[in-house]
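Working through the structure, step by step
Spelled out, the chains give:
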Amino acid sequence: MIDAAFAPALAAVEAGVIPGATLGIVAGDGRQWVRVAGWAAIEPDREPLTADHWFDLASLTKPIATATMVLTLAEQGRIDLDRPLTDAMPDLRQYDMAAPERRLTFRDCLVHRTHLPAVEPIYTYGDDPDRLRAFILQREWRAGPPVYSDIAYMLLGVAVERLTGAPLSAWPLGKGLSYGPPPGPAVATEQCTWRGRVLKGEVHDENAFALGGQAGHAGLFGTVAGVLGFAKGLLDGSAAPGMIEAMRTRGHADRTCGWEGRFDGWHGGGACSHETIGHTGFTGTGLWIDFERGLAWTLLTNRVHPTRHGADAIFALRPAVGNAVIAAFGDAPSRRTRSGVTD
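Let me sum up the structure you'll find in this document. For clarity, every value in this text was computed on a predicted model and none was experimentally measured.

About the cut-offs
- Residues numbered from 1 in each chain as written.
- Predicted model: local features only at pLDDT ≥ 70, side-chain atom pairs only at ≥ 80, totals over all residues.
- Heavy atoms only, no water.
- Helix = DSSP H or I, 4+ residues; strand = E, 2+ residues; numbered from the N terminus.
- Rg over C-alpha atoms; globule rule 2.2 N^0.38 Å.
- Buried < 20%, exposed > 50% of the residue type's maximum accessible area, 1.4 Å probe, protein only.
- Contact = heavy atoms within 4.5 Å.
- Areas by Shrake-Rupley, 256 points an atom, 1.4 Å probe, with all protein chains shown as cover.
- Lys, Arg positive; Asp, Glu negative; His and termini not counted.
- Charge placed at Lys NZ, Arg CZ, Asp CG, Glu CD.
- Expected span 1.5 Å × (residues − 1).
- Arc of directions from axis to C-beta.
- Polar contact = N/O pair within 3.5 Å; in protein donor to acceptor, adjacent residues only side chain to side chain.
- Pairing = 2+ DSSP bridges.
- Axes fitted to C-alpha atoms, helices over the stretch in contact; angles between N-to-C directions.
- Salt bridge = Lys/Arg side-chain N within 4 Å of Asp/Glu carboxyl O.
- 1 Å grid on protein atoms, 1.4 Å probe; cavity = no way out; pocket = protein on both sides within 12 Å on 5 of 7 lines; lining within 4 Å.
- Points joined across faces, edges and corners; volume = space filled by probe spheres on them.

1. Here's the deal with the overall build of the chain
Along the chain, the regular secondary structure elements total nine helices and 12 strands. In terms of overall dimensions, the chain is globule-like: its C-alpha atoms have a radius of gyration of 19 Å, near the 20 Å expected for 343 residues. A principal-axis box enclosing the C-alpha atoms of the chain has dimensions of 60 × 50 × 35 Å. Residues classed as buried in the chain amount to 58% of the 343 residues present. Relative to all contacts within the chain whose residues are 6 or more apart in sequence, the contacts with residues 24 or more apart total 64%. Total accessible area on the chain is roughly 13200 Å²; 53% of this is exposed by carbon and sulfur atoms. One way to put it: in the chain the 32 positive side-chain charges average out to a point 2 Å from where the 38 negative ones average out.

Here you go:
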């Protein structure tokens, strides 16, 4: 079954449209399947990809790390998701008490229900992480309609740091997940024109790098086992019930707290159930969790190596892999209700 599910990714590697790919699948009862093909790096030297390699998870940082941290703090009663960010950061836009940023709630940011822009080249404003964090808090952000926003998750990351009194890397993320540099062999990403080198074991996202390598929107590294371990916690109900519910409940359009719910034409393919959530990462990563089927899969690639430009095959590959996974594993056991209890 795993070979059939991996076939689209293997074909993409063999065609040279991506250097390497890892597909991992986990069922709610804990069974796992993994396939790997291609190269962890092709420049400056070729390095075969293995199941032990660490990937720059890019925006998978948002659901796996940041949303999990915020929802855990809510479960502990340390924050109210519907209270403003100023509960954690009273100095947010402190020179304008009427600023719209001061009215943003934790939930607004989690579900991308804000006026904040998608992204901003913050790294071009300097290289002092503390000063850049202050810039993010005091910047008068241009207003616009709600969009998927890195800025919103940067603010959440700063809020977590304030609430815990520790960097994001201090959070216990689980085996196989870590803010970089990773403690093992790393997959290469881009030949970065700004940093003047092929990136390997350091965060690809320029803003996360400028913020010290760890931020709310990017900076997390993971192995296929680490990503599957996180997904299993949601599938088998071992994660906090309130967290699972928040991650499954749509709060704005198709967005949940940290994730995106299935919709027609989305990145997870059309074969998964409507009880599926997923997220992707710019470097070529993705994770999808089908709660109705008790099944999750992660596709990890280095599609931006050696360059992001022209690396668009991933947009057709992701749904193709999702459909192949459901075709091969759609009858997997461990179907679960929203409470995490087996039907």
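So, next bit.
2. Quick notes on helix α9 (residues 314-329)
Taking 1.5 Å per residue, 16 residues should reach 22 Å; α9 reaches 22 Å between its end C-alpha atoms and fits that length. Of all the positions in α9, only Ile-314, Leu-317, Arg-318, Pro-319, Val-321, Gly-322, Ala-324, Val-325, Ile-326, Ala-328 and Phe-329 are classed as buried. Considering only its buried residues, α9 is in contact with α1 (2-14), β1 (20-27), β2 (32-41), β10 (276-281), β11 (285-290) and β12 (295-301).

3. Section: helix α4 (residues 129-138)
Owing to its 3.6 residues per turn, the α-helix brings residues three or four apart onto one side. Residues Leu-132, Arg-133, Ile-136 and Leu-137 constitute the buried set of α4. One face of α4 carries all of its buried residues, which in axial projection span an arc of 145°. Where the residues of α4 are buried, they touch α5 (150-164) and α6 (206-210). N-cap assignment for α4: the residue whose side-chain oxygen lies 3.0 Å from the backbone N of Asp-130 is Asp-128.

4. Examining the sheet that holds β2
With respect to topology, seven strands assemble into an open sheet ordered β3-β2-β1-β12-β11-β10-β9, the strand pairing being antiparallel. Of all strands in the sheet, those bounded by a partner on one side alone are β3 (47-48) and β9 (260-261). The strands touched by helix α7 (residues 224-235) are β1, β2, β11 and β12; relative to β1, the strand with the most contacts, the crossing angle is about 25°.

5. Looking at the pattern of salt bridges
In the structure shown here, the tally under the stated rule is 23 salt bridges. Residue Arg-35 pairs with Asp-3 through a salt bridge whose shortest N-O separation is 2.8 Å. Linking Arg-35 in strand β2 with Asp-3 in helix α1, this pair joins segments that are 32 residues apart in sequence. One salt bridge connects Arg-248 with Glu-275, and the closest N-O pair in it is separated by 2.8 Å. Of this pair, Arg-248 sits in helix α8 (residues 241-248) while Glu-275 sits in the loop between β9 and β10; the two residues are 27 residues apart in sequence, bridging distant segments of the chain. Classification of Arg-248 by relative accessible area gives buried; the value is 9%. One continuous salt-bridge network, built from bridges that share partners, spans Arg-93, Asp-96 and Glu-101.

6. Overview of the layout of surface pockets
Volume-wise, the largest pocket comes out at about 510 Å³. Ser-59, Tyr-148, Asp-150, Asp-205 and Phe-282 are, among the 28 residues lining the largest pocket, the residues nearest its centre. Secondary structure elements with two or more residues in the lining of the largest pocket: α6, β10 and α9. Sorting elements by how many residues they give to the lining of the largest pocket places β10 first, with three residues.

7. Structural notes on the pairing of β1
In terms of burial, β1 is largely enclosed, as eight of its eight residues are buried. Both faces of β1 are covered, namely the face carrying Gly-20, Thr-22, Gly-24 and Val-26 and the face carrying Ala-21, Leu-23, Ile-25 and Ala-27. By the bridge criterion, seven bridges tie β1 to β2 in an arrangement that is antiparallel. Each bridged residue has a counterpart across the sheet, and for Leu-23 the counterpart in β2 is Arg-35. In this structure, the hairpin formed by β1 and β2 is closed by a connection of four residues, where Gly-30 is found at a positive phi of approximately 100°. Alignment of β1 against β12, held across seven bridges, turns out to be antiparallel. Considered in β12, the bridge of Ile-25 is made with Trp-297.

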